[in-house]
Amino acid sequence: MRNLPNPLQSLQSGHWFKLICGASYQHLPAVRNLALAYSLAGADCIDVAADAAVVAEARAGVQAAIQIAAEKGSALARPWLMVSLNDGEDPHFRKAVFDPARCPADCARPCEAICPAGAIVFNPKSGFANGGVTAERCYGCGRCLPVCPIGQIETRSQTVPLATLAPTLLPQVDAVEIHTQVGRVVEFTQLWNQLRPWVRQLQLVSVSCPDGAGVTDYLRQLYAQIQPRPAILIWQADGRPMSGDIGKGTTHAAIRLGQKLLTAGLPGYVQLAGGTNRHTVEKLQDLGLLGPAQTTPDRPPHIAGIAYGSFARSLLMPHLETFTTLETMPDLLWPTVRLARSLVQPLKLVARPAAQVGR
Ligand code: SF4
Ligand code: SF4
């Protein structure tokens, strides 16, 4: 039986792969199958919405992957489950809304065409009636907003009620991510104080922040508030949020921010997100930024891993739409896993070949 690297080893060696299902993505069959496919492909962490039903589906997907791997003679290292929290308004924690009754009859429905999640649907028979945003599929990317000719699409922000959810939710997961933005020390500290009793039970805490003036000073201020220290701390460089499926160039913002955080020397691991896609590994390799995360005097620090959201989901989305339980359909399961593996393996293979599970 082969033993694959566990998540901590992946972080230490610079091979950490995180799948982002989406902080507000609640489409349960897709979450389950994303967790299953990317677990079999070698993901180290599955990041999902802080919602009991979503966490349960992700766990079920991971468990199914472990069982399938065992049947094939491999000991799959269980990916860690992470839930995302926010300390204020944040695009990751919002849903698009509009009133389909207000849509002009001759509108070409650009909103429907541009939505990467298939969240906007209209019934062909009844026109605009009964159409609109399917809330559980919307992950807040905002692409539908500017294309509406009458400007009627809005977003509704959400804040995860940690104090209410923590006792039942946090024992079900391994890790928590806090989404913050420059200038929110007070709000971050309030959220951290709610999380504090649970920190010792978690494997990992991640702090996700987009770029902004004074971002490294801001993160240093947060580090001072992070007590007790989590076992593992990740700084997630959220370059261009929820954009990895748009085009090749979206990865640059995350790399620039990652370099900034590495230069700042913040204690903990630096991991990229926000705009990451199939080109990210290659760009990081060109810049010499991938490798073991430890710093030595003669070697600069490295990026410990990459989180993939929009791109990872869009890669599998056509497969995820056609069924509900992937493992019951082997003819669909393995092509889907191969697709997932095509994203995971380049990162895993940077320094050494990784064993694979399945066929
Ligand atoms: S385009 Fe983005 S924000 Fe609009 S409905 Fe789709 S997922 Fe939600
Ligand atoms: S683009 Fe605006 S008006 Fe047109 S179908 Fe979508 S929500 Fe309605």
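As a reminder, the structure under discussion sits directly above these lines.
In this text, all values refer to a predicted model and were calculated from it rather than measured experimentally.

Visitor: Describe the overall build of the chain, listing the residues and the values that go with them.
Guide: Each helix and strand in the chain was counted, giving 11 helices and 14 strands. Relative to the compact-globule value of 21 Å for 359 residues, the chain shows a C-alpha radius of gyration of 20 Å, a close match. Here the chain holds 359 residues, and the buried ones make up 54% of them. Look at the contacts in the chain between residues 6 or more apart in sequence, and 79% of them connect residues 24 or more apart. In the structure as shown, the chain presents an accessible area of about 14600 Å², 53% of it carried by carbon and sulfur atoms. Taking the average location of the 32 positive side-chain charges in the chain and that of its 26 negative ones, the two points are 5 Å from each other.

Visitor: I'd like a rundown of the packing of helix 2 (residues 28-41) against helix 3 (residues 52-71), residues and numbers included.
Guide: Interhelical geometry of helix 2 versus helix 3 gives an angle of 35° and a closest axis separation of 7 Å. Here the hand of the crossing between helix 2 and helix 3 comes out right-handed. Contact residues: helix 2 offers Leu28, Val31, Arg32, Ala35, Leu36, Ser39 and Leu40, while helix 3 offers Ala53, Val54, Glu57, Ala58, Ala60, Gly61, Val62, Ala64, Ala65, Ile68 and Ala69. Of the residues in the contact of helix 2 with helix 3, the class split is 14 nonpolar, 2 polar and 2 charged.

Visitor: Provide a residue-level description of the packing of helix 10 (residues 310-320) against helix 11 (residues 330-348), including the pertinent values.
Guide: Running from N to C, helix 10 and helix 11 cross one another at 160°; their axes reach a closest spacing of 10 Å. When the axis of helix 10 is compared with that of helix 11, the two are roughly antiparallel. As for how helix 10 packs across helix 11, the hand of that crossing is right-handed. Between helix 10 and helix 11, the residues in contact are Phe311, Ala312, Leu315, Leu316 and His319 and Leu332, Pro335, Thr336, Leu339, Ala340, Ser342 and Leu343, respectively.

Visitor: Now, about empty space enclosed by the protein: what can you tell me, with residues and values included?
Guide: By the definition in use, this model includes 5 cavities of 30 Å³ or more. Roughly 190 Å³ of internal volume is contained in the second largest cavity. If you go around the second largest cavity, you meet 24 residues; those closest to its centre are Ile20, His92, Met242, Gly309 and Ser310. At the level of secondary structure, the elements contributing two or more residues to the lining of the second largest cavity comprise strand 10 (175-179), strand 12 (233-238), strand 14 (305-308) and helix 10. By residue number, the principal contributor to the lining of the second largest cavity is helix 10, which donates 3 residues. In the lining of the second largest cavity, the residues fall into 8 nonpolar, 12 polar and 4 charged.

Visitor: Any chance you could break down the packing of aromatic side chains for me, citing the residues and the numbers?
Guide: Scanning the model with the defined rule gives 7 aromatic pairs in all. Arranged with centres 6.3 Å apart and planes meeting at 85°, the rings of tyrosine 25 and tyrosine 139 form a pair that is edge-to-face. Placement of the pair is tyrosine 25 in the loop between strand 2 (16-20) and helix 2 and tyrosine 139 in the loop between strand 8 (127-133) and strand 9 (154-157), with a sequence separation of 114 residues. For the pair formed by tyrosine 25 and tyrosine 139, the shared burial category is buried. A network of ring pairs unites the aromatic residues Phe17, Tyr38 and Tyr308 as a single cluster. For the cation-ring pair, arginine 313 lies above tyrosine 25, with the distance from its terminal atom to the ring centre recorded as 5.7 Å.

Visitor: Please provide a residue-by-residue account of unusual backbone geometry, values included.
Guide: Cis geometry is adopted by the peptide bond preceding proline 228, which originates at glutamine 227 and carries an omega value of -5°. Its place among the elements puts proline 228 in the loop between helix 7 (215-225) and strand 12. One non-glycine residue with positive phi stands out, namely arginine 109, at about 60°. On the secondary structure map, arginine 109 appears in the loop between strand 6 (94-97) and helix 4 (110-114).

Visitor: Quick one: what's the story with the pairing of strand 2, residue by residue and with numbers?
Guide: Where burial is concerned, most of strand 2 is hidden: 5 out of the 5 residues are buried. Residues Trp16, Lys18 and Ile20 of strand 2 are buried on one face, and the alternating residues Phe17 and Leu19, pointing to the opposite face, are buried as well. Where strand 2 and strand 14 come together, 4 bridges link them in parallel fashion. Counterpart to phenylalanine 17 in the pairing with strand 14 is isoleucine 306. As paired strands, strand 2 and strand 3 (residues 45-49) are joined by 3 bridges and run parallel to one another. Each residue of the ladder has a partner; that of lysine 18, found in strand 3, is cysteine 45. With respect to chirality, the unit in which strand 2 leads through helix 2 into the neighbouring parallel strand 3 is right-handed.

What counts and what doesn't
- Residues numbered from 1 in each chain as written.
- Chains lettered and ligands numbered in written order.
- Predicted model: local features only at pLDDT ≥ 70, side-chain atom pairs only at ≥ 80, totals over all residues.
- Heavy atoms only, no water.
- Helix = DSSP H or I, 4+ residues; strand = E, 2+ residues; numbered from the N terminus.
- Rg over C-alpha atoms; globule rule 2.2 N^0.38 Å.
- Buried < 20%, exposed > 50% of the residue type's maximum accessible area, 1.4 Å probe, protein only.
- Contact = heavy atoms within 4.5 Å.
- Areas by Shrake-Rupley, 256 points an atom, 1.4 Å probe, with all protein chains shown as cover.
- Lys, Arg positive; Asp, Glu negative; His and termini not counted.
- Charge placed at Lys NZ, Arg CZ, Asp CG, Glu CD.
- Axes fitted to C-alpha atoms, helices over the stretch in contact; angles between N-to-C directions.
- Left-handed = near helix turned anticlockwise from the far one by under 90°.
- Nonpolar A, V, L, I, M, F, W, Y, C, P; charged D, E, K, R; others polar.
- Parallel < 35°, antiparallel > 145°, perpendicular 65-115°, else oblique.
- 1 Å grid on protein atoms, 1.4 Å probe; cavity = no way out; pocket = protein on both sides within 12 Å on 5 of 7 lines; lining within 4 Å.
- Points joined across faces, edges and corners; volume = space filled by probe spheres on them.
- Phe/Tyr/Trp six-rings, centres within 6.5 Å; stacked < 30°, edge-to-face > 60°.
- Lys NZ or Arg CZ within 6 Å of the ring centre and 35° of its normal.
- Pairing = 2+ DSSP bridges.
- Right-handed = clockwise from strand over helix to strand, strands pointing away.

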